[in-house]
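Here is how the chains run, residue by residue.
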Amino acid sequence: MQLVIISGRSGSGKSIALQALEDLGYYAIDNLPVMLLGSLVDELRDQGDRAHLAVSIDARNLPGALERLPSLLQELRQRTIDFQVIYLTTDARILLERYSATRRRHPLTRNSEMTLEEAINKEEETLHDIRDLADLLIDTSRLSVHDLRRRITDQVAHQQRDQLTLTFESFGYKRGVPLDADLVFDVRCLPNPYWDPTLRQSTGRDANIVAFLKSYPVVDAMSNDIQAWLERWLPAYQNSQRSYMTVAIGCTGGQHRSVYMVEQLAKGLAARVGEVQLRHRELGLQYTLSEQLPTPLTSDQSPTP
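Quick summary incoming for the structure in this document.

What counts as what
- Residues numbered from 1 in each chain as written.
- Predicted model: local features only at pLDDT ≥ 70, side-chain atom pairs only at ≥ 80, totals over all residues.
- Heavy atoms only, no water.
- Helix = DSSP H or I, 4+ residues; strand = E, 2+ residues; numbered from the N terminus.
- Buried < 20%, exposed > 50% of the residue type's maximum accessible area, 1.4 Å probe, protein only.
- Contact = heavy atoms within 4.5 Å.
- Areas by Shrake-Rupley, 256 points an atom, 1.4 Å probe, with all protein chains shown as cover.
- Pairing = 2+ DSSP bridges.
- Axes fitted to C-alpha atoms, helices over the stretch in contact; angles between N-to-C directions.
- Patch = residues over 30% accessible without salt bridge, like charges linked within 9 Å, V, L, I, M, F, W, Y side chains within 5 Å.
- Salt bridge = Lys/Arg side-chain N within 4 Å of Asp/Glu carboxyl O.
- Polar contact = N/O pair within 3.5 Å; in protein donor to acceptor, adjacent residues only side chain to side chain.
- Arc of directions from axis to C-beta.

### A short note on the overall build of the protein
A count of helical and extended segments in the protein gives ten helices and eleven strands. Split into buried and exposed, the 305 residues of the protein put 49% on the buried side. Sequence-distant contacts, at least 24 apart, represent 76% of the contacts inside the protein between residues at least 6 apart. Accessible surface, the protein: about 14800 Å² in total, of which carbon and sulfur atoms supply 47%.

### A short note on the sheet that holds strand β1 (residues 2-8)
Spatially, β2-β3-β1-β4-β5 is the arrangement adopted by the five strands of the open sheet, whose pairing is parallel. In this open sheet, the two strands that pair with only one neighbour each are β2 (27-29) and β5 (136-139). The mean angle between the axes of side-by-side strands here comes to 20°, regardless of whether they run parallel or antiparallel. Pairing analysis gives four bridges linking strand β4 (residues 82-89) to β5, with the strands arranged parallel. When the bridges of β5 are listed, Y87 appears paired with L137. Relative to β4, helix α3 (residues 69-78) is tilted by about 145°, and along the sheet it contacts β1 and β4.

### Things to note about a nonpolar patch on the surface
On the surface, M35, L36 and L62 cluster together to form a nonpolar patch covering roughly 280 Å² of accessible area. By the element assignment, M35 lies in the loop between β2 and α2 (37-45).

### Details of the environment of I57
You can see I57 is positioned in the loop between β3 (52-56) and α3. Each C-alpha atom, one on I57 and one on I6, is 6.3 Å from the other, the two residues being 51 residues apart in sequence.

### What to know about the side chain of T109
Turning to its location among the elements, T109 is positioned in the loop between α4 (92-102) and α5 (116-126). Here H106 takes part through its backbone oxygen, which lies 2.7 Å from a polar atom of the side chain of T109. In contact with T109, other than residues within four places in its own chain, are M114, T115, L116 and A119.

### What about α2?
Listed as buried for α2 are L37, G38, L40, V41 and L44. Looking straight down α2, one finds that the buried residues subtend no more than 165° of arc, so they occupy a single side. On the buried face of α2, the contacting elements are β1, β2, β3 and α3.

This is how it looks when you write it as structure tokens:
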């Protein structure tokens, strides 16, 4: 059977992720008590057919129940149950805005005198161990409902056992480092096309920017060094049962240097890993190398609690 465990902060889009899996044929259960996970897995496994199960386990569980989850997951792994733990997170300031906009109560404020901000912080502390166990961390701060559903479809439902999904993401430091990045490389030391007025409106995917950056040997030198480091160490990550790896490349604005570097690294490593995905955060694009046209990110619509 295939088991997907969705967890994360309230308001980060867990219900949307669960619904996306349900639409793909998964048997989906929201807010599953931790102590029922083992018996549910046994029940579905005994049916004989390959079952696809998706459950949401989060801070709404009984007090102390979440402490049992790490040992339970270890038992499932020993029984060779194929499972993934997906953790959704969102910047606390955005969560405050979402709850204010929807006027819904945070689960931890219903039976306590905590403020909304205190509840958001308390929940993150409560879920700390699950976050550390997660196979994939998804930051939904700038994702729309449609973007999140696509991420779940591409990275979770289509994930094959023992296959590493490698994602390269470009970003601008002026908007912060992506929360779901596993490795971060800073390319702000490279020549910046922004200072040429004729290149300012182009991006690192355009031929004029590619030509500009290729004219500097230091650019290829850094690209080669990063690729060599990844080729050396990605097998070690994969051997440690990692199914996902997000490599973030950052420059000042996330328009030129980081975009170019992501494109070059993705092409250079495509033949060495199972699947390579690309995300250009500041350009609002995401795609795999096998796709002909990038899919726009519609980040103006955020998932609601």
